[in-house]
Amino acid sequence: MRELTYVARRTVEWREAPDPTVRSAGEAIVAPVAATSCDVDSAILAGHGFIDPPFALGHECVARVVDAGDGVTTVTPGDLVVVPWSISCGACSPCRRGLTAHCSAVPHMAMYGAPIGGSWGGLFSDLVRVPYADAMLVPLPAGLDPVAMASASDNWSLSWRLVAPHLEARPGARVLVVARGSIGLYVCDIARALGASDVLYVDPDAEHRKLAESFGARTAEAIGSATRPGFDIAVEATGRVDQLALAVRSLAPEGVCESAGNHFRPGELPLLDMYLTGVTLRIARDNVRAHIPDALDLAASGAVDPARVVSHVLDWEQLPEALPEKHLKPVFVRDSAPAGPAR
């Protein structure tokens, strides 16, 4: 099989790798049918990552199950599934608490798309081994488009978690979104659908702002003196510490700031201001498996439209040439017809 490999700044290529096979009763083999780049992939392709190439790239996809071990009970060959970005067993103490990004059954930080916590390959590959199929794979609900939901592996479900629990606790809250990519746009759509009284989206990109406005958000090119403080919830998804600092300064007392992370460069935060205001800041790799079902349910409700964030739908064979280009949210697709067993 082939796996798309990051080899240098803005350079990826197909490389041959052995076909994965089912090694135990609980494993499955899947074939991605709609895969997309995460905001962190864009940073890696721009040369801002912290891991030296080469390595297999990709950690967001909807896939079709092509083979499954005898012990797999939740999916069967032919099913369309969301493949979470992190590897998790579902049975250890962290997994039982929903902390699937911290599974103790695998090396720390085990994930697809980067060789940390072992080498698990990437989801821009022709075939992928899923070691804990029942715990990890989430069937795609009928009626949901794999292209629209390609990001449910990470960014879509992460965006749900960044804002939905806080709006449940604070109905009608004011939400500030400081972003540069798909995460912030997903958050705008979700926040509006879940009853935020005000959503301000901040991004220097005019096309992104136009899309955010279509989701009902107010927009601004930057946070300035005219930006009224007092937001109950702030979401930062820029990878820039100076923007994170502006987000926390815009909060009301006891407000909450969620950062999508990817801060590869150091910076300073206004810790004294945060202390005096009593804000809560969370920066974390998301425990996405725990949130995928709720995020899919929201998508299936029709109250949101994640397909509008998809900027391009491209053929699978275009990956080496098209992925390094600066697209907002490209989705790469291939024939989704059921395939025969891989073994």
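Residues numbered from 1 in each chain as written. Predicted model: local features only at pLDDT ≥ 70, side-chain atom pairs only at ≥ 80, totals over all residues. Heavy atoms only, no water.

Participant: Describe the overall build of the protein chain, and please don't skip the residues or the numbers.
Facilitator: Within the protein chain one finds 10 helices and 16 strands. Taken over C-alpha atoms, the radius of gyration comes to 20 Å for the protein chain, in line with the 20 Å a tight globule of 343 residues would show. In the protein chain, buried positions account for 57% of the 343 residues. With the model as given, the accessible surface of the protein chain reaches about 13,800 Å², and the carbon-plus-sulfur share is 52%. Looking at charge distribution, the protein chain has the averaged site of its 29 positive side-chain charges lying 4 Å from that of its 40 negative ones. (Helix = DSSP H or I, 4+ residues; strand = E, 2+ residues; numbered from the N terminus. Rg over C-alpha atoms; globule rule 2.2 N^0.38 Å. Buried < 20%, exposed > 50% of the residue type's maximum accessible area, 1.4 Å probe, protein only. Areas by Shrake-Rupley, 256 points an atom, 1.4 Å probe, with all protein chains shown as cover. Lys, Arg positive; Asp, Glu negative; His and termini not counted. Charge placed at Lys NZ, Arg CZ, Asp CG, Glu CD.)

Participant: Requested: an account of the pairing of strand β3 (residues 28-36), with residues and values cited.
Facilitator: The buried fraction of β3 is high, at 9 of 9 residues. The pairing of β3 with strand β5 (residues 61-68) spans 7 bridges and is antiparallel. Across the sheet, Ala 35 pairs through a bridge with Cys 61, a residue of β5. In this structure, β3 lies alongside strand β7 (residues 128-130), joined through 3 bridges in antiparallel fashion. By the bridge assignment for β7, Ile 29 is matched with Arg 129. Across 3 bridges, β3 lies against strand β16 (residues 330-333) in antiparallel orientation. Bridge pairing in β16 links Ala 35 to Phe 332. (Pairing = 2+ DSSP bridges.)

Participant: Describe the layout of surface pockets, listing the residues and the values that go with them.
Facilitator: Reported here for the largest pocket is a volume of approximately 950 Å³. Along the walls of the largest pocket sit 37 residues, with Asp 39, Ser 42, Ala 43, Arg 180 and Thr 238 positioned nearest its centre. Elements with a contribution of two residues or more to the lining of the largest pocket: α1 (39-45), α5 (182-193), α6 (206-214) and α7 (241-249). Top element by residues in the lining of the largest pocket is α1. It accounts for 5 residues. For the lining of the largest pocket, the per-class residue count stands at 15 nonpolar, 12 polar and 10 charged. In this structure, the second largest pocket spans a volume of roughly 510 Å³. Together, 27 residues line the second largest pocket, and Val 40, Met 111, Asn 262, Phe 264 and Arg 285 are the ones closest to its centre. (1 Å grid on protein atoms, 1.4 Å probe; cavity = no way out; pocket = protein on both sides within 12 Å on 5 of 7 lines; lining within 4 Å. Points joined across faces, edges and corners; volume = space filled by probe spheres on them. Nonpolar A, V, L, I, M, F, W, Y, C, P; charged D, E, K, R; others polar.)

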